[in-house]
Amino acid sequence: MSGDYYPYSKYTRVWIPDPEDVWKAAEIVKDYKEGDPVLRLKLEDETPLEYPVGPKSNPLPFLRNPDILVGENDLTALSYLHEPAVLHNLRVRFLESNSIYTYCGIVLVAINPYEQLQIYGEEVINAYSGQNMGDMDPHIFAVAEEAYKQMARDEKNQSIIVSGESGAGKTVSAKYAMRFFATVGGSASDTNVEDKVLASSPIMEAIGNAKTTRNDNSSRFGKYIQIGFNKHYHIIGANMRTYLLEKSRVVFQAEDERNYHIFYQLCASASLPEFKDLTLTSAEDFTYTSLGENIFIEGVNDAEDFKKTREAFTLLGIKESSQNSIFKVIASILHLGNVEICSDRDGESCHIARKDVHLQHFCKLLGVELQQMEHWLCHRKLATTSETYVKTMSTKQATNARDALAKHIYARMFDWIVEHINLSLQTSTKQHSFIGVLDIYGFETFEVNSFEQFCINYANEKLQQQFNSHVFKLEQEEYMKEQIPWTLIDFADNQPCIDLIEARLGILDLLDEECKVPKGTDQNWAQKLYNKHSSSAHFQKPRMSNISFIIIHFADKVEYQCDGFLEKNRDTVYEEQINILKASQFQLVADLFSDKDDVTPAKSARVNVRALKTVPKAPNKEHRKTVGHQFRTSLHLLMDTLNATTPHYVRCIKPNDFKEAFSFDSRRAVQQLRACGVLETIRISAAGYPSRWTYPDFFNRYRVLMKKSDMTTADKKLVCKNLLETLIKEPDMFQFGKTKIFFRAGQVAYLEKLRTDRFRSACIKIQKTVRGWLQRIRYRKIRKMAVTLQRYGRGYMARRYAEFLRQTRAAIICQKQYRMVRERREFLRVRRAVVTIQAYAKGMFTRRIYQEFLLHHKAMIIQKNVRGWMQRKQFRRARNAAITIQCAFRRMHAKRQLKQLKIEARSAEHLKKLNTGMENKIVQLQRKMDDQSKELRTQNEQLQTVNTSLGSEVNKLQKQLELLRSEQEDGGQVRSLEEELEHLRKELEEAHTLRNKMEEEHINEKMDLTQRVDELERENSLLKSEKEEMNRRILQHSKSTEEEVSSVSLQSELDKERERYQNLLKEFSRLEQRYDNLKEEMSLNKFQPGHTRNPSNQSSLESDSNYPSVSTSEIGDTEDSIQLVDEMGIDKAAMDISLFMKLQKRVRELEQERKKLQLTVEKMEELAKRKGSESRLSTSEQETADLAYNNLKRQELESENKKLKNDLNELRKTVAERASQNSSSNELQDSYNLLLSQLKSANEELDARKEEVLILRTQIVSAAQLQEKNENILSLNTTETDSTPVVNNSKEPVDKEEALKAYHGLCESKKLLEAQLQTQSRQHKDELEALHTQIELLKGDIEDKQEKLSYMMSLSPEAQVEYSVQQEITRLTNDNLDLKELVEKLEKNERKLKKQLKIYMKKVQELEAAQAAAQSSRSKPELIRQVTVQRKEKDFEGMLEYNKENEALLVKTLINDIRPNNVSGTVPCLPAYILFMCIRHADYINDDQKVESLLTSTINAIKKVLKKNNDDFEMTSFWLANTSRLLHCLKQYSGEEAFMTQNTPKQNEHCLKNFDLAEYRQVLSDLSIQIYQQLIKVAEGIIQPMIVSAMLESESIPSLAGVKPMGYRNRSSSMDMDADGPTSYTLQALIKQLGQFHNIMRDHGLDPEIIGQAVRQLFHCINAVTLNNLLLRKDVCSWSTGMQLRYNTSQLEEWLRGNNLYQSKAAATLEPIIQAAQLLQVKKKTSQDAEAICALCTALTMQQIVKILNLYTPLNEFEERVTVSFIRNIQNRLQERNDPPQLLLDTKHTFPVLFPYSPSALSLEMLHIPASLNIDFLVRV
């Protein structure tokens, strides 16, 4: 700690002792210096006080914590850990916040409120389930969840130890913990084990609880319940162990106390007919139930409780006969207490009256002999070594023996009930782990303490020792895990006190030894204690008593009275009485006292099945174990069990002794805190490092204490270290761990003081600055006013002076003007005279100079002409000489060059150079020609095979035609047809007669109906008049508001009825699911257990490929889509993107087919030409070569042209994309440069191709020349003349001819290439111009957009939105028009392609027919011409026909195997339409079995699919859409007028004709509701883990959340350290998930109304979970959280608006959380604020408002807490509200869903069925 900081300075607040309130707050008024004897204080009521201080007698008082730490959830979060701080924090939380639970390290402190609180409902259990212990407010459910989580995570057994005084609430806490386990870990099967576990509570309360002075339902025994779990952590069973039942209560109760509840419950139900045999009356009539003088408990109905007890017995499987036997035993105890024992005259013997009615009832109820029981109640047997004596007993002894018998009977019955409860809770399944709940008495001290208090305090000593060691172990583990040095913490070990009680020759041993002595007494035992243990530090002898002793326990000194110790420890019951009960004629009574209980049971392998008590092996009375020995043994077993588990502690505190609600007695609370070990926990924590901060939290909290230079490094850990070393000088006051900083006690308070001082100085600076600013503003205003006054005064003076100056200046100007005019006139007269003289003189001198200049000019002209003539003459002479020399030289040079060219032309080397490099190209071209010839051959072969197949088909058709002609010649068939015609005529006549009869009946019926209609109309008119009269009267007596209220009430009733119906549906679906589960179990039990393998082809059947398969059916699909476009219209078809894509695909396919057919036709024509010209092959080789060359050239040019077109298209796309992405001129220039570069590369490639073509042409010409040369050589060889001179003489002319031919060939190729180059350049120029125009258009478009953007930025936000919407509408309309034009073009193109395809098909068919005719025989001339039969297009009726045997395949294909992505590109709800079309056909053919079978199979299959995919949102949404669409189709085409109003005439023609499917509509409606509920369940399961993190924890607005000191509960053991930590979700993640849900439902074609209802339900879940967490978490109830929450809800509302869902009432469900956020932000101080809060928070209940105000936590000292008076003011104002009592919202509440009728505009006959569904067995009808 800093050296200049001293805690006991002025204004420091401290705690001082007080006899009434234990501790009282005070404030130091003067600095204390070390050594001062007095500390000057001031109490809270301003009373001065001098507090004496001494080094030994009276130390300095405890320091108070800062206000920001008061009311913390965890006491270990307090900076100063001591008794007054703990007491004050508990008081503030209990009285001001009404929080009954508080953490104290690992202990949960529970204060009994003596009032029913609404914090234990199922919604609270759901809120705490799955949460870490420190995340939510303290609660018993948080401890139970921590135990359950650690059991599942660490796979270690857990225990929850609940202790406290009588009346502190132990039983209730244990009951709620078990309820949590039963809810969270419910059994997986239908055995209802969790219900049985909970049912044991009312039974144990009835037989083990009683009313005491401190508690109306006090547990008079201890119990340890082990709840067993399987590997999946579901409850499979339970086991109960009991400890130290208070048997003395059966025969004695103090004043204002009662016996056990079961006696009073049985007496209250004695009038029932089944209990007449018990002969019971009121409880006041029985001794054992009337000793307390008050048999009633306020607010408790014993008869109703007895009904619950009997129901619990029945639920646990205890038979009715056994229950009656138990009730007989209980009634017999009451009768036994009323048996009157009369004293004889001698006083040493006694007797019972002969006709004692109660004894008779006792013996009758227990089935024992009356005389024996009467005898042994007054006598006893004494056995010696030689003989046995029967001795009489006095009245007192007999009464004690009777009471001992009654206690023994009750104790045996208690053990029997516990044993049978355990038997009913046992299971055959192997137990994997368990959680034990120990409900045991706390430390007790009364004015008179006896044997029971001794055993109770002994048990608490053992539990405290285990608690201390566990706390110390946790502290040690925390320090070791954080790797900080730690020293051994000294804590109070109570082992010496335990040794005093249980060690050898301890108190219990001496007590057992004294019990074995025949005449042992309590006084002798006390003397032995004094002699043996007087030297012990924990044992004392009272000064004034010799029959009592004092034990110094860990909690307090307790004085025990020795009277009764020996008797209670012996627990003596006479054997003769027990033997009589053993001989009872009732089996249950005999079993209660049978010898099998006296045999030690076998040792169990598991702890949880050990027996309650260890009893002696032999029945000998002398060797029976005493009560103390039995209790010690069972306590050791309990401690072994607890040590083998991970314990969790709950300490129950009783706030007052008067059972007043929310009343806190500090003295009683401190006494219990000391006794239950809470303060010991505080002391152990305070001895080490109690305050712990993570590095990020410390950085965020105390970064205000840092300087800017300290935050230069990004390592927060290093920054924190540097800061602490600067602020706290003593290094032992803190330690740095791996993830946390550990502080000694008081250091956090010191840091908070520094932080407060820094904030205070900052506030002072801000106030100073603001005040200075205000003063400067005031000064400026005053100065401005003074300056204004001065300005006006000076202005007036200046205007007067200006007027004087103006007049003076006017006078001066007048004088000046006059003088100027006078002087000017004089000046002008003199000037005119001077100018005249000067003009004459200058004219004379100028004329002389002109004459002289003229003479000089003439002389220069003569000289120029002479000199020019001489120069021209000399130039001509030199030029002529140069030309003569040049001509001579050029002529000589040309002759030389001509001679050289002639020599080169004669040589062949030149041609060889030209032909170099062409050989490879020729080879490549030849290979290409060979490949193409091979392809032609293969195609020719394919055509021949097709021709042969067509020929065979033609032959078959010819044969069929001949058969038909031969059958036509048959005359017998004509006769049969005539007979059939006559038969049909007769049937027609009969039908006419029947029709006439039907018409007559129809006319008669119509007349009757018209009469009936007239009567009904008359009655209707009367009713209308009466109705109008009634309406008029109602309108007179009611107003419009009442009508609204009635309509709202009717609507609410309708909603309630709908909700009730849907809940019934939900229950029906649950029962149906349970039936299916049982059915599956039955089916599984029939077979041998084992693993069965699915067929290997199942996965391939179930998984469909995402890639579309190319098949011939797609052509039909496209034609259907084209027809759909024609009928739907361009407007609707333009909006169908999938249809548009299909049209594009079909156009491409048709174009490819056209090209293929064209190539085929061309190749066939070429083949025909080749075949026709084979005879002339020798004469036309040059022509075929030219043809091949032209074809090759054409193909080359076509490929080149396509490539260039593709390049140009890419260039255009590039320019368009660049222009659309950015409008800057630099990018346009870049795109233009890219265009030019690509164009240049294309030109270069074109030049290369031109060179290749040129080389090719020269090669062809050279080949032709070589052929001619060979011919000449052959002709020369034929001649027989001398070849040598001939060749030599003809060589020169041959070379010349070749050269000329080559030259001409080169010229032609050059011309051809030039023409091609010109055409290509023209094309490129055109395309370049087009690109330029496109760029200009893009520039203009960009400029327009820039203008629009600048214009829009100048508008207001509302106008911007409107303008943007208008622009978007115009853009969409333009896009729509473009799409329409595109569709029209596609239609035209498609028609053209269809026509071309038909033409090509006809050509192919004619060609095939010609080939078939040539091959066929000439005997059939009539079939020379092939006839093509075209199918006439058929009008479909919107029905699908299928065979009955294909029904299973149809259901499997359309329901079982289909996936949503398989039909994603088709019409939404396609399976529903297909199924309905099948139903229509079944209705059309009037097949009721087919309709029923198909609908039943469909419904069952949908249920199975949903059961299989019960957690798949997409599949559930898909089938909800299809089921609702099938329901709408059944309504739309039902033929009912209510559903036909929106149908088209064609749709009305398609209505069902024969069947009324109203019942199936109801079934489908119910199924839709079930699917909707499953959809909501799946969606809620997905988003529920995201809600709290996204809405409350994520920082949507950065740096807004504050940080407060964390307590011990955020330790690492509460977290899941195996994982990377809990997943944190942001608001964007939640909104994204909601968007995914919405997109899936919308894509599946779900009705918008249903989508809105689903979104409303999800928003209710978000609101409920968020509000529930807000109500259960103190750390989030702050102003910053309210700001975050308001922002998050606004984002959700914005999402609703963006998806057009704001009208779905989803936003209204967020109203509670919005009002809660506003409540956190509003001012909460004055009465006006209270009135504003009441008017604001209309959607929150009073309990919720008060809870939020109680939980509201300031994040710093400058925020004020909400006062108690303000909260009381709010409560008083809201008393008139009739709010429901529950605090939390029901997260499982489901709004009733409504499926509005939504007809489809789709025509069934135009429905497109894709081939990928593989339903080819369906036939369109």
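What you are looking at is a predicted structure, and each value in this text was computed from that prediction instead of being measured. (Residues numbered from 1 in each chain as written. Predicted model: local features only at pLDDT ≥ 70, side-chain atom pairs only at ≥ 80, totals over all residues. Heavy atoms only, no water.)

**Describing the overall build of the protein**
Heads up, the rule is: The helix and strand labels rest on DSSP assignments: H or I over at least four residues marks a helix, E over at least two residues marks a strand, and numbering proceeds from the N terminus. Between buried and exposed lies partly exposed: a residue is buried under 20% and exposed over 50% of the maximum accessible area for its type, with that area taken using a 1.4 Å probe on protein chains only. Contacts are assigned to residue pairs with any non-hydrogen atoms lying within 4.5 Å of each other.
Along its length, the protein carries 51 helices and 26 strands. Of all 1821 residues assigned to the protein, the portion counted as buried reaches 40%. If you take every contact in the protein between residues at least 6 apart in sequence, the share linking residues at least 24 apart comes to 73%.

**Focus on the sheet that holds strand β19 (residues 548-552)**
Basically, it comes down to this: Strands pair, by our definition, only if DSSP identifies at least two bridges between them. To define axes, lines are fitted to C-alpha atoms, for helices over the stretch in contact only, and angles between the resulting N-to-C directions are given on a 0 to 180 degree scale.
The sheet built from 3 strands is open, its strands ordered β18-β19-β20 with antiparallel pairing. The sheet terminates laterally at β18 (539-540) and β20 (557-561), the two strands that pair on one side only. Relative to β19, β18 is paired through 2 bridges, and the arrangement is antiparallel. Looking at the pairing, Q540 lines up with I550 of β19. The strands that helix α16 (residues 522-533) touches are β18 and β19; relative to β19, the one it contacts most, it runs at about 40 degrees.

**Some remarks on a nonpolar patch on the surface**
Quick note on the threshold: Like-charged residues are merged into a patch within 9 Å and nonpolar side chains (Val, Leu, Ile, Met, Phe, Trp, Tyr) within 5 Å, provided each residue has over 30% relative accessible area and no salt bridge. Calculation of accessible area relied on Shrake-Rupley with a 1.4 Å probe; when residues are assessed, cover is drawn exclusively from the protein chains displayed. In the sections that follow, a salt bridge refers to a side-chain nitrogen of Lys or Arg positioned within 4 Å of a carboxyl oxygen of Asp or Glu.
Taken together, the side chains of I766, V770, W773 and L774 present a nonpolar region at the surface, about 400 Å² in accessible area. With respect to the secondary-structure elements, W773 resides in helix α25 (residues 747-906). Classification of W773 by relative accessible area gives partly exposed; the value is 46%.

**Focus: helix α24 (residues 716-727)**
This is how the line gets drawn: Helices are assigned an expected span. That span is 1.5 Å times one less than the residue count. Here, the arc refers to the directions that run from the helix axis to the C-beta atoms.
Compared with an ideal rise of 1.5 Å per residue, which puts 12 residues at 16 Å, α24 spans 16 Å between its outermost C-alpha atoms and is within 8% of the ideal. If you check which residues of α24 are buried, you get V719, C720, L723, L724 and L727. On an axial view of α24, the arc spanned by its buried residues comes to 130 degrees, and they lie on one face. Of the surrounding secondary structure, the elements contacted by the buried residues of α24 are α23 (695-702), β23 (734-736), β24 (740-743) and α25.

**Quick look at the confidence of the model for the protein**
Applied cut-off: You can read pLDDT as the predictor saying how much it trusts each residue, on a scale of 0 to 100.
Looking at the protein as a whole, its pLDDT mean stands at 78, while 77% of the residues score no less than 70. Confidence drops under pLDDT 50 across residues 1174-1182; counting only partners more than four residues distant or on other chains, this segment forms 2 contacts.

**Topic: the packing of helix α40 (residues 1488-1508) against helix α41 (residues 1513-1532)**
Selection rule: Angles are sorted into four bins: roughly parallel if under 35 degrees, roughly antiparallel if over 145, roughly perpendicular if 65 to 115, and oblique for all others. A crossing counts as left-handed when the near helix is turned anticlockwise from the far one by less than a right angle, and as right-handed when that turn is clockwise. In the scheme used here, Gly and all other residues not listed as nonpolar or charged are polar, with Ala, Val, Leu, Ile, Met, Phe, Trp, Tyr, Cys and Pro taken as nonpolar and Asp, Glu, Lys and Arg as charged.
At a minimum axis separation of 10 Å, α40 and α41 run at an interaxial angle of 160 degrees. It follows from the interaxial angle that α40 and α41 lie roughly antiparallel. Both α40 and α41 take part in a crossing whose hand is left-handed. Contacts between α40 and α41 involve T1498, I1502, V1505 and L1506 on the former and, on the latter, M1515, T1516, W1519, T1523 and L1526. Broken down by class, the residue content of the contact of α40 with α41 amounts to 6 nonpolar, 3 polar and no charged.

**Some details on the pairing of strand β4 (residues 48-52)**
Bridging between strand β3 (residues 38-43) and β4 involves 5 bridges; their strand directions are antiparallel. Bridge assignment links L39 to a residue of β4, and that residue is Y51. Here β3 folds back onto β4 in antiparallel fashion, the turn holding 4 residues, of which E46 has a positive phi close to 70 degrees.

**Concerning the nonpolar core**
The line we're drawing: Nonpolar cores are built from buried Ala, Val, Leu, Ile, Met, Phe, Trp, Tyr and Cys residues. Side-chain atoms within 4.5 Å join them into one set.
Counting residues in hydrophobic clusters, the biggest one holds 319 residues, and the most contacted among them are F181, F549 and L1670. Ranked by residues supplied to this core, first place goes to helix α43 (residues 1558-1593) with 16 residues. In this structure, F549 is in contact with I507, W525, L529, Y530, F539, Q540, P542, V558, E559, Y560, C562 and F565, ignoring residues within four places of it in sequence. One finds F698, L705, M706 and F734 within the second-largest nonpolar core, a separate group that totals 20 residues.

**Some words on the sheet that holds strand β22 (residues 691-694)**
Taken in spatial order, the 3 strands line up as β22-β24-β23 in an open sheet, and their pairing is antiparallel. Edge positions in the sheet fall to β22 and β23, since each has one partner strand and no second. Averaged over neighbouring strand pairs, the angle between their axes works out to 20 degrees when direction is ignored. Pairing geometry for β22 and β24, over 4 bridges, is antiparallel. Of the residues in β24, the one forming a bridge with W693 is I741.

**Quick word on the pattern of salt bridges**
Opposite charge on two side chains permits them to pair, given that their charged atoms come into close proximity. Within the structure shown, the criterion is met by 35 salt bridges. With a shortest N-O distance of 3.0 Å, R310 and E274 are connected by a salt bridge. Here R310 is found in helix α8 (residues 302-315), whereas its partner E274 is found in the loop between α6 (261-268) and α7 (287-290), with 36 residues between them in sequence. The buried category is assigned to R310, whose relative accessible area is 17%. A relative accessible area of 39% means that E274 is categorised as partly exposed. Note that E1536 and R1561 form a salt bridge whose closest N and O atoms lie 3.1 Å from each other. In this pair, E1536 is assigned in the loop between α41 and α42 (1545-1549) and R1561 in helix α43, connecting sequence segments 25 residues apart. Classification of E1536 by relative accessible area gives partly exposed; the value is 31%. Residues joined in a network through salt bridges with shared partners are E165, K654, D657 and R668.

**Notes on a negative patch on the surface**
Going by this rule: Charged-residue counts in this description rest on Lys and Arg as positive and Asp and Glu as negative, His and the chain ends being excluded. Here the site of a charge means NZ on Lys, CZ on Arg, CG on Asp, or CD on Glu.
Taken together, the side chains of E1336, D1341, E1343, D1344 and E1347 present a region of like negative charge at the surface. In this structure, D1341 sits in helix α36 (residues 1283-1353).

**Looking at the pairing of β20**
Two faces make up the sheet, and in a regular strand the side chains alternate between them. Residues V558 and Y560 point to one face of β20 and are all buried, whereas K557, E559 and Q561, pointing to the other face, are not buried. Note that β19 and β20 share 5 bridges and pair antiparallel. Opposite F549, over in β20, you have Y560 as the bridge partner. The hairpin formed by β19 and β20 contains 4 residues between the paired strands.

**Notes on the packing of aromatic side chains**
The line we're drawing: Pairs were defined over the aromatic rings of Phe, Tyr and Trp, the Trp ring being its six-membered one, requiring ring centres within 6.5 Å. Orientation was assigned from the angle between planes: stacked under 30 degrees, edge-to-face over 60, tilted for the rest.
The final tally for this structure, using the stated rule, is 35 aromatic pairs. Residues Y120 and F141 carry aromatic rings whose centres are separated by 6.0 Å and whose planes lie at 85 degrees to one another, so their mutual orientation is edge-to-face. You can see Y120 sitting in the loop between β7 (107-111) and α2 (122-128) and its partner F141 sitting in helix α3 (residues 140-154), a full 21 residues away along the chain. Judged by its relative accessible area of 12%, Y120 is buried. The buried category is assigned to F141, whose relative accessible area is 0%. When the ring of Y148 is compared with that of F229, the centres are 5.8 Å apart and the planes differ by 65 degrees; the resulting orientation is edge-to-face. Taken together, the residues Y148 in helix α3 and F229 in strand β11 (residues 222-229) connect sequence positions 81 residues apart. According to the relative accessible area criterion, Y148 is buried, its value standing at 13%.

**Remarks on unusual backbone geometry**
Backbone geometry at V22 places phi at a positive 70 degrees, although glycine is not the residue there. Tracing the backbone through its elements, the reader meets V22 in strand β2 (residues 22-28).

**Things to note about the environment of V1588**
If you trace the backbone, V1588 turns up in helix α43. Separated by 80 residues in the primary sequence, V1588 and N1668 have C-alpha atoms spaced 9.7 Å apart. Excluding residues that lie within four positions of it along the chain, V1588 makes contacts with E1593, V1665, N1669 and R1673.

**Observations regarding the packing of helix α15 (residues 507-516) against helix α20 (residues 627-643)**
α20 packs onto α15 with a crossing angle of 145 degrees between their chain directions and a minimal axis gap of 9 Å. Residues L508, D509 and D512 of α15 touch α20, and the partners they reach there are G628, H629 and R632. Taken together, the residues that form the contact of α15 with α20 break down as 1 nonpolar, 2 polar and 3 charged.

**Focus: helix α21 (residues 666-676)**
Given 3.6 residues per helical turn, the α-helix brings residues three or four places apart onto the same face. Condition: Whenever two N or O atoms come within 3.5 Å, that pair is a polar contact, provided that in protein one can donate a hydrogen and the other can accept it, and provided that, for residues adjacent in sequence, both atoms are side-chain atoms.
Counting buried positions along α21 gives 8 out of 11 residues, so the element sits mostly inside the fold. Within α21 the residues assigned to the buried category are S666, R668, A669, V670, Q672, L673, A675 and C676. Two or three places before R667, at the opening of α21, D665 has a side-chain oxygen 3.3 Å from that residue's backbone nitrogen. Two residues or fewer after α21 comes G677, characterised by a positive phi angle close to 90 degrees.

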